[in-house]
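# Architecture at a glance
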Amino acid sequence: MKHLLTKNINTICAHLVHVFSKTKLIHKPLYMMVEPTNFCNLHCPLCPTGNGSLNVPRGYMDISCYEKLITDTASHLRTILLWGFGEPFLHPEIRRMFSYANKRGIVTKTSTNGQCFGNKNDCMELVKSGIDQIRISLDGLSDDTLQIYRKGASLEQIIKGLENIVNAKKKLGTNKPFILLQFIVMKHNEHEKHLLKDFAL
């Protein structure tokens, strides 16, 4: 794999810095977090995007800027996390972003509210992009509970999306992306946490 040797050397240097508690770094970053967009389709009350308190311009990351960033860091970067204060799948080029990093040997991960996977063809392209991990926010196993915090979310939409992604993985014969269900336990949803294991299975 291209850049594998330099990635390994960089990782070893990072480990040495940690082991010997050095304050002067001798390595380049192993991980990078990139926010594709700060638009969102939900209105979560504690999120500055969802509650409208994010006092910065809204927009989408320029794809040419992103590709240059990946090209410049591919020799040492291990993992890229593609999310922030917005819903990543609202970016029109998000699958291209996954693919561009993946083809350069960078592990790609994202986090989503799970509302954007209703189109089977889009889900097929998503799996083809080679993304390694998708974390889906699932803070309730009924609409009444889910929507207390994830305002505007639909459990049915999440379930349909999960089915579309899993079916695309089966058709393409791949185990990627790994799907991680995130259930943040809060007072209003703790009565449903025991249902999560059966739901996931």
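We now turn to the structure provided with this report. Here the structure is a predicted model, which is why all the values come from computation and not from measurement.

Time to look at the pattern of salt bridges. Applying the stated criterion to the full structure yields six salt bridges. Close ionic contact of Glu67 with Arg96 constitutes a salt bridge, the shortest N to O distance being 2.8 Å. Of the two residues, Glu67 sits in helix 2 (residues 63–73) while Arg96 sits in helix 3 (residues 94–102), which places them 29 residues apart along the sequence. On the accessibility criterion, Glu67 (15% relative accessible area) is buried. For the salt bridge of Arg96 with Glu93, the shortest nitrogen-to-oxygen distance reads 4.0 Å. The partly exposed category is assigned to Arg96, whose relative accessible area is 40%. Within the structure, one salt-bridge network assembled from shared partners comprises Glu67, Glu93 and Arg96.

All right, on to unusual backbone geometry then. Lys176 connects to Pro177 through a cis peptide bond whose omega is 5°. Turning to its location among the elements, Pro177 is positioned in the loop between helix 6 (155–172) and strand 5 (178–182). At Ser21, a position not held by glycine, the phi torsion is positive, near 50°. Residue placement: Ser21 occurs in the loop between helix 1 (4–19) and strand 1 (31–34).

Here we take up the nonpolar core. Formed by 41 residues in total, the largest nonpolar core has its most connected members in Tyr66, Ile70, Ile80 and Leu126. Secondary structure elements with two or more residues in this core: strand 1, helix 2, strand 2 (79–82), helix 3, helix 4 (120–128), strand 4 (133–137), helix 5 (143–149) and helix 6. Among residues more than four places away in sequence, those in contact with Leu126 are Phe89, Arg95, Phe98, Phe117, Ile131, Ile134 and Ile165.

This paragraph deals with the environment of Phe183. Relative to the helices and strands, Phe183 is located in the loop between strand 5 and helix 7 (196–200). Contact partners of Phe183, with chain neighbours within four places excluded, come to Leu138, Asp139, Gly140, Asn189, Glu192, Lys193 and Leu196.

Following the criterion strictly, the structure yields zero disulfides and no others. No disulfide involves Cys40; its nearest neighbouring cysteine sulfur is the one of Cys44, lying 6.2 Å away. The thiol of Cys116 is not disulfide-bonded; the next cysteine sulfur, from Cys40, is found 8.3 Å away.

The tally for this structure, following the rule as stated, stands at three aromatic pairs. Taking 5.1 Å as the distance between ring centres and 35° as the angle between the ring planes, the aromatic pair formed by Phe39 and Tyr60 counts as tilted. Residue Phe39 is found in the loop between strand 1 and helix 2, and its partner Tyr60 is found in the loop between strand 1 and helix 2; the two are separated by 21 residues along the sequence. Residue Tyr60 is classed as partly exposed on the basis of its relative accessible area, which comes to 44%. Through a chain of ring-to-ring contacts, the aromatic side chains of Phe89, Phe98 and Phe117 assemble into a single cluster. Over the face of the ring belonging to Tyr100 we find Arg104, whose NZ or CZ atom lies 3.5 Å from the ring centre.

Along the polypeptide, Leu90 turns up in the loop between strand 2 and helix 3. By relative accessible area, Leu90 is classed as partly exposed at 27%. Distance from Leu90 to Tyr60, taken between C-alpha atoms, is 8.7 Å for residues 30 residues apart in sequence.

With that settled, the discussion passes to helix 2. Looking only at helix 2, the buried set comprises Ile63, Tyr66, Glu67, Ile70 and Thr73. The arc that holds every buried residue of helix 2, seen down its axis, measures 140°, which confines them to one face. Elements that come into contact with the buried residues of helix 2 comprise strand 1, strand 2 and helix 3.

The subject of this paragraph is the sheet that holds strand 3 (residues 107–112). Taken in spatial order, the five strands line up as 1-2-3-4-5 in an open sheet, and their pairing is parallel. The sheet is open, and its two edges are formed by strand 1 and strand 5, each paired on a single side. If you compare each strand with its neighbour and ignore which way they point, the axes differ by 20° on average. Where strand 4 lies against strand 5, five bridges are found, and the strand directions are parallel. Within strand 5, the residue paired with Gln133 across the bridge is Phe178.

Reading the values: the criteria
- Residues numbered from 1 in each chain as written.
- Predicted model: local features only at pLDDT ≥ 70, side-chain atom pairs only at ≥ 80, totals over all residues.
- Heavy atoms only, no water.
- Salt bridge = Lys/Arg side-chain N within 4 Å of Asp/Glu carboxyl O.
- Helix = DSSP H or I, 4+ residues; strand = E, 2+ residues; numbered from the N terminus.
- Buried < 20%, exposed > 50% of the residue type's maximum accessible area, 1.4 Å probe, protein only.
- Core = buried A, V, L, I, M, F, W, Y, C linked by side-chain atoms within 4.5 Å.
- Contact = heavy atoms within 4.5 Å.
- Disulfide = S-S within 2.5 Å.
- Phe/Tyr/Trp six-rings, centres within 6.5 Å; stacked < 30°, edge-to-face > 60°.
- Lys NZ or Arg CZ within 6 Å of the ring centre and 35° of its normal.
- Arc of directions from axis to C-beta.
- Pairing = 2+ DSSP bridges.
- Axes fitted to C-alpha atoms, helices over the stretch in contact; angles between N-to-C directions.

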